[in-house]
Amino acid sequence: MDGEASYFLPHYRLQNLLDALQHAGFNCIGPQVRDGGIVYEPLTHASQLPWGIRDHQSPGQYRLIKTDEKKAFSFANGAQALKPILFKPRETVWRVVRDENGKLEFKPHYSKEQPIAILGVRSCDLVAMAIQDKVFLRENHVDPRYEERRKSLFIIAINCSYASGNCFCVSAGSGPEVNNPFDILMTEIHDGLVVKAGSKRGHEIIAALKLEMARVEQNDEAANNVAQAAAMQTKRIPLENGYGLRDVLFSNLDHPRWEQVADRCLSCGNCTQVCPTCFCHSETEEPALDGSCSEHHREWDSCFTSGHSYLNGKVIRDDTRKRYRQWLTHKVGSWFDQFDVSGCVGCGRCISWCPVGIDLTEELAAISGEANEREKM
Ligand code: SF4
Ligand code: SF4
């Protein structure tokens, strides 16, 4: 939100922000260290944030290190974005109960949840959420569970000041500066955060904090930090993250590289589980043994499972080559036909969390022929 006034929130007053959000009725969630990674967890005290922690990511690798900086947001990302908060990995969709006359009664199932305020949302994750909105909030096909969580979500976004070795949001067109809607936007500097409001309720929270206006040198430090995050990125998506790449992929469906990547790929599905835009799911029935009732569940699925392409008695994608090709040609190809946007926001998670370090930017470069062009240069 250009033109909005910027304020300075010193690090030692972050607790005031959490208190104001809790007072406004939100359940706060924020990044924390758990099991060697960064995860979004309930946050009641600012001391729970990952102070002085940075992530090192490379293909197939993710590790946290301590830095001398006393910052709370100096890492790039954890394994999950907003997806598990809005589109739960597993949830009950409806229940059916049989009464004493044998009549079945179907009831939709909703779990009542407190509105969430989430702290430290990255630009690429906001772009990914906007893509998931196209799936779950589509006209005439609205998912009511997603819609309720999404409407009440209070977003405290943060501009990145560091990029991991696997980030490529610049070439994907999704970061590191936040351009999607937010309630409050922060940029971290050495002793605090430059903040501004992006909504009425964001204004109200900032007003309650009674902050001083950010000084020119604080705004300059914030802008330099974001520029640094962009300049650090070494990976890029080949061609453009657009229709041109889609066309190249679909004209190379028999490229030998699909076979080569299939030799390495374990078909484990990690890439689809950590991807903030993947939305495929399966639905299952869990009947009670006595036949009195049954629950209908929805849970994340993956184009790497055999069941996901089971159609009319046959598994259509019966080998890893077809499954990997389906994933990549959908993600950065036919996603355009469905949603007029790429399914890749350049967060790099699928590269870090792939157990064998398969890097989609390298695969795309090989299949599009860009890798050959680079070698000739
Ligand atoms: S495909 Fe990989 S880099 Fe792109 S959004 Fe999904 S996880 Fe991130
Ligand atoms: S590309 Fe990597 S993460 Fe994805 S299914 Fe294959 S081995 Fe698993």
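If you're wondering where the values come from, they're calculated on a predicted model, not measured in any experiment.

Enquirer: Can you break down the site of ligand 1 residue by residue, with the values?
Expert: In the region of ligand 1, 13 residues are neighbours, and Cys275, Cys344, Cys347, Gly348 and Cys350 sit closest. At the level of elements, helix H11 (320-339) and helix H12 (349-352) are the ones that each hand at least two residues to the shell around ligand 1. Across the shell around ligand 1, the residue classes break down as nine nonpolar, two polar and two charged.

Enquirer: Tell me what's going on with unusual backbone geometry, and back it up with residues and numbers.
Expert: Cis geometry marks the peptide bond from Gly175 to Pro176, where omega comes out at 5°. Topologically, Pro176 is positioned in the loop between helix H5 (169-172) and strand S12 (184-189). Unusually for a residue other than glycine, Ser267 sits at a positive phi of about 55°. Position of Ser267 among the secondary structure elements: in the loop between helix H9 (256-264) and helix H10 (270-274).

Enquirer: Tell me what's going on with the environment of Pro31, and back it up with residues and numbers.
Expert: Tracing the backbone through its elements, the reader meets Pro31 in strand S2 (residues 27-34). Along the sequence, Pro31 and Gln48 sit 17 residues apart, while their C-alpha atoms lie 8.2 Å from each other. With near-sequence residues (within four places) excluded, Pro31 lies in contact with Ile38, Val39, Tyr40, Gln48, Leu49, Pro50, Phe73, Phe75 and Leu119.

Enquirer: Residue-level account of the sheet that holds strand S16 (residues 293-300), with values.
Expert: Taking strand neighbours across the sheet as the criterion, the four strands line up as S7-S6-S16-S15 in an open arrangement whose pairing is antiparallel. Since the sheet does not close on itself, it has two edges, and those belong to strand S7 (104-108) and strand S15 (281-287), each with one partner. Adjacent strand axes in the sheet meet at a mean angle of 20° when their direction is disregarded.

Rules used in this analysis
Residues numbered from 1 in each chain as written. Chains lettered and ligands numbered in written order. Predicted model: local features only at pLDDT ≥ 70, side-chain atom pairs only at ≥ 80, totals over all residues. Heavy atoms only, no water. Near = heavy atom within 4 Å. Helix = DSSP H or I, 4+ residues; strand = E, 2+ residues; numbered from the N terminus. Nonpolar A, V, L, I, M, F, W, Y, C, P; charged D, E, K, R; others polar. Contact = heavy atoms within 4.5 Å. Pairing = 2+ DSSP bridges. Axes fitted to C-alpha atoms, helices over the stretch in contact; angles between N-to-C directions.

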